[in-house]
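# Report on the structure
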Amino acid sequence: MRVRARTGRTAAAAAALLALSLLAACSAAGPEGPAGAGGGTGVLHVGMPNGPLADNSNPFLDTSAGASLGYRSMIYEPLAMVNSVRPELDDQPWLAEEWEWSEDFRTLTLTIRNGPEWSDGEEFSAADVAYTFQLIRDTDAFNGHAIPFEEVVQDGNSVRITFGEPQFVNQNRILETYIVPEHIWSAIDTPETWDNKEPVGTGPYELKTFTPQTVTLTRRDSYWKGLPEVEELRYTSYNDNNAQTTALAKGETEWSFVFMPDYEKVYVDKDPDHHHLWFPSGLGIHGLWLNTERAPFDDPALRRAISHVIDRKAIHEQAHAGLYPQIENPTGLPMPAGEGFLAPEFDGEEHTVDVAAALQELEGAGYDLTDGVLTDPAGEPVTMTLTDPAGWSDYLTALSIIEDDLGEIGIEARVQTQTVDSWRNAVDTGDFDATLHWTDTGATPYDMYQHVMNGALYRPLGESAGGNYGRFRSEGADEALTAYAEAVDDDTRTEALHALQRIFVEEVPVVPTVAGPIGAQYNTRNWVGWPDEDDPYGPPQPTQRNSLDIVLRLTAAG
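Figured I'd write up the structure that's included with this text. (Residues numbered from 1 in each chain as written. Predicted model: local features only at pLDDT ≥ 70, side-chain atom pairs only at ≥ 80, totals over all residues. Heavy atoms only, no water.)

## A word on the overall build of the protein
Each helix and strand counted, the protein has 17 helices and 23 strands in total. Here the C-alpha coordinates of the protein stretch approximately 70 × 55 × 45 Å along the principal axes. The proportion of buried residues among the 558 residues of the protein is 56%. For the protein, the share of sequence-separated contacts (at least 6 apart) that also reach a separation of at least 24 residues comes to 70%. For the protein, the accessible surface area stands at approximately 22,100 Å², while carbon and sulfur atoms represent 45% of it. Taking the 35 positively charged and 89 negatively charged side chains of the protein as two groups, their mean positions are separated by 6 Å. (Helix = DSSP H or I, 4+ residues; strand = E, 2+ residues; numbered from the N terminus. Buried < 20%, exposed > 50% of the residue type's maximum accessible area, 1.4 Å probe, protein only. Contact = heavy atoms within 4.5 Å. Areas by Shrake-Rupley, 256 points an atom, 1.4 Å probe, with all protein chains shown as cover. Lys, Arg positive; Asp, Glu negative; His and termini not counted. Charge placed at Lys NZ, Arg CZ, Asp CG, Glu CD.)

This is the structure in structure tokens:
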């Protein structure tokens, strides 16, 4: 399976047409934006509601500031750009000009592009690509999807990677790998803990200044794809959703992904000609991850009972203001996207709040509810702490709903907030009872299920997991995930997906709450060319790996 570089003329023409149409729409300009904001000064203002951040630009760590704000994608580049909104489309060649998979998906041969240059002036080469994959192979903390790398061989501008198992399901993850410079990283003794405060990449931007609240990137003097129009990127990390929403409404932030209740009133109506949002959804979800390594959450009966009493409709309407689609099917599959993957026995099934069913589950497993207090089979009261970052108002509202729901079956729950950094580290190391978190998404439900149930991602409490944060283990799930990944025909993959759905419903490693959109808010007053329903060239979130592709397509609005 060979993929060759495309000319990009079609995409460029589409972007140009979109820019012209948006310019026309913006010709009757409304009130001026705040001083110093926008295309007039060559600056694009990006914001996220993640609170103060530590100075860490390690591109391989999802807990880093570079990942939290998304600026790592402006410095480090992948082999290919992947469009997760339209996964049926070909990936866009980037640092790799072309690539070829063997028929069994155990070997990948990459042809590496000539021309890019590291921001410190050193030449980029295939040796950097080979080194990057060897680094990931040898550093567990960088291999969050447990990809079984075997041999990495460079020959001129070609890099051949072999794997211990077929990589049909990981093609995009491998091609989206950020490439780092060998001449810098090879001198680092512990790359998994390196904060990389002076990042060097092949992207068009360099880190100019860093504070816990604001990160500024400046455009390089040259770039192999041609310099973008955006001269400077200013990332602000606001303390909470309310502060981020206010900044968007005022035009101080031009690009963000933040939950906002009554978004029409608080954002769109403030400048309807320029304030936009697009929330395309995929096959990922948000849900309550339960730490199955801690008692009593290691008991599937308790997890099933919890799932029975959580009011998903209330979470959809009250916590997420109807913006995140409701999850109704017990498999966790968002509809209608998941319809074609659904096992027959779950077709037409819908979740309803059922306290009686929950109590029946608990009684059958030896729990006791007396005077409004649930005790486990050992006679200990069942309590749990629900954690998420302070300021994430949608998640915290959802946790409050869940807290009340759990009281219906005698579970004493309390909501506890943390800083974003503390929360990310707690989730990664398993230091929690239950937390709301998202899952991976992809072209099929495999990505969601493997993120939740993949035993290869299991790490003991205290060790960084990078996935399967609930430490869920199931031989059946591992067998089904492997069967899907190694299948050579659609029937085998279908059977494996149906098995995963049954395990998910029976074992409840995560309680689904809402579908996971890959959305964003964006402002067209100063910059045009954003992806939207008419030109869905990529997911619009500033923290997605394709965010550089978006910035490269932006042009000044007049």
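## Thoughts on the pattern of salt bridges
Per the stated rule, a full pass over the model turns up 18 salt bridges. The shortest N-O distance in the salt bridge between Arg234 and Glu232 comes to 2.6 Å. Given the relative accessible area of 31%, Arg234 is considered partly exposed. The closest approach of N and O atoms between Arg525 and Asp271, which form a salt bridge, is 2.9 Å. One end of the pair, Arg525, is in the loop between strand E21 (520–523) and strand E22 (527–528); the other, Asp271, is in the loop between helix H8 (263–266) and strand E13 (275–278), with 254 residues separating them in the sequence. The exposure class assigned to Arg525 is buried, which follows from its relative accessible area of 12%. What you see here is one network of salt bridges that share partners, running through Arg173, Asp440 and Asp447. (Salt bridge = Lys/Arg side-chain N within 4 Å of Asp/Glu carboxyl O.)

## Details of the packing of helix H9 (residues 300–309) against helix H11 (residues 355–364)
Closest axis-to-axis distance for the H9/H11 pair is 8 Å, and the angle between their directions is 170 degrees. Judged by the angle between their axes, H9 and H11 are roughly antiparallel. Note on element contacts: H11 touches H9 through Val355, Ala357, Ala358, Glu361 and Leu362, opposite Ala301, Leu302, Arg304, Ala305, His308 and Val309. When its residues are assigned to classes, the contact of H9 with H11 shows eight nonpolar, one polar and two charged. (Axes fitted to C-alpha atoms, helices over the stretch in contact; angles between N-to-C directions. Parallel < 35°, antiparallel > 145°, perpendicular 65-115°, else oblique. Nonpolar A, V, L, I, M, F, W, Y, C, P; charged D, E, K, R; others polar.)

## As for the sheet that holds strand E18 (residues 412–418)
Read from one edge of the open sheet, five strands run E18-E17-E19-E14-E20, paired in mixed fashion. The sheet terminates laterally at E18 and strand E20 (510–517), the two strands that pair on one side only. Strand-to-strand, the axes of this sheet are offset by a mean angle of 25 degrees, without reference to chain direction. Across the face of the sheet, helix H13 (residues 420–429) comes into contact with strand E17 (383–389), E18 and strand E19 (434–438) while running at roughly 100 degrees to E19. (Pairing = 2+ DSSP bridges.)

## Things to note about the pairing of strand E5 (residues 96–101)
Inspection of the sheet shows E5 paired to strand E6 (residues 107–112) by five bridges, in the antiparallel sense. Residue pairing for E6: Ala96 is matched across the bridge by Ile112. Taking the residues that link successive antiparallel strands as the turn, the E5-E6 hairpin has five residues, and the phi of Phe105 there is positive, at about 60 degrees.

## Side note on unusual backbone geometry
With the exception of glycine, the majority of residues adopt a negative phi angle, and the majority of peptide bonds are in the trans configuration. In the segment running from Ala295 into Pro296, the intervening peptide bond is cis, with an omega of 0 degrees. Take Pro296: it is sitting in the loop between strand E14 (281–290) and H9. Here the phi dihedral of Ala321 falls at roughly 55 degrees; this positive angle occurs in a residue that is not glycine. In this structure Ala321 comes out as partly exposed when scored by relative accessible area, which is 27%.

## Here's the deal with the nonpolar core
Nonpolar side chains tend toward joint burial in soluble globular proteins. By size, the foremost hydrophobic cluster in this structure holds 146 residues, and its most contacted members are Leu110 and Leu288. When sequence neighbours within four positions are dropped, the list of residues in contact with Leu110 reads Leu79, Ala96, Glu98, Trp99, Val129, Phe133, Asn157, Ser158, Val159, Ile161 and Leu175. (Core = buried A, V, L, I, M, F, W, Y, C linked by side-chain atoms within 4.5 Å.)

## Overview of the sheet that holds strand E11 (residues 232–237)
Here seven strands make up an open sheet; going across it, the order is E9-E10-E11-E2-E12-E21-E13 and the pairing mixed. Two strands in the sheet have a free side with no partner beyond their single neighbour: strand E9 (205–210) and E13. Bridge count between strand E2 (residues 43–48) and strand E12 (residues 255–256): two bridges; the pairing is parallel. Counterpart to Gly47 in the pairing with E12 is Ser256.

## With respect to a negative patch on the surface
A surface patch of like charges, here negative, comprises Glu117, Asp120, Glu122, Glu123, Glu206 and Asp221. Summarising the element assignment, Glu123 is placed in the loop between E6 and helix H4 (126–138). Assessed through its relative accessible area of 63%, Glu123 is described here as exposed. (Patch = residues over 30% accessible without salt bridge, like charges linked within 9 Å, V, L, I, M, F, W, Y side chains within 5 Å.)

## Comments concerning the packing of aromatic side chains
The description of an aromatic ring pair uses the distance of the two centres, along with the angle that the planes make with each other. Here the structure, examined in full by the defined rule, presents 25 aromatic pairs. Here the aromatic rings of Phe149 and Phe163 are separated by 5.5 Å at their centres, their planes lie at 45 degrees, and the arrangement is tilted. Pair noted here: Phe149 is in strand E7 (residues 149–155) and Phe163 is in strand E8 (residues 158–163), with a separation of 14 residues, a long-range link. No difference in accessibility class separates Phe149 from Phe163, as the two residues are buried. Ring pairing ties together the aromatic residues Trp101, Phe105, Phe133, Phe149, Phe163 and Phe168, which thus form one cluster. Above the ring of Tyr458, the side-chain terminus of Arg473 is found at 4.1 Å from the ring centroid. Sitting over the face of the ring of Phe168, Arg493 holds its NZ or CZ atom 4.1 Å from the ring centroid. (Phe/Tyr/Trp six-rings, centres within 6.5 Å; stacked < 30°, edge-to-face > 60°. Lys NZ or Arg CZ within 6 Å of the ring centre and 35° of its normal.)

## A word on the pairing of E7
Put simply, side chains in a regular strand alternate between the two faces of the sheet. Direction of pairing for E7 relative to E8: antiparallel, over a ladder of five bridges. In the strand pairing of E8, Phe149 is matched with Phe163. Here E7 folds back onto E8, and the loop between the two strands holds two residues, one of which, Gly156, carries a positive phi near 65 degrees.

## What about the packing of helix H14 (residues 446–453) against helix H15 (residues 475–486)?
Relative to each other, H14 and H15 sit at 145 degrees, their axes nearing to 11 Å. Both H14 and H15 take part in a crossing whose hand is left-handed. Contacts between H14 and H15 involve Tyr446, Tyr449, Gln450 and Met453 from the first element and Ala477, Asp478, Leu481, Tyr484 and Ala485 from the second. Here the residues of the contact of H14 with H15 sort into seven nonpolar, one polar and one charged. (Left-handed = near helix turned anticlockwise from the far one by under 90°.)

## Examining the side chain of Arg113
When you line up the elements, Arg113 lands in the loop between E6 and H4. Notably, Arg113 is buried but unbridged: the nearest opposite-charge side chain belongs to Glu97, and the N-O separation is 4.1 Å. When sequence neighbours within four positions are dropped, the list of residues in contact with Arg113 reads Pro93, Trp94, Leu95, Ala96, Glu97, Phe124 and Trp224.

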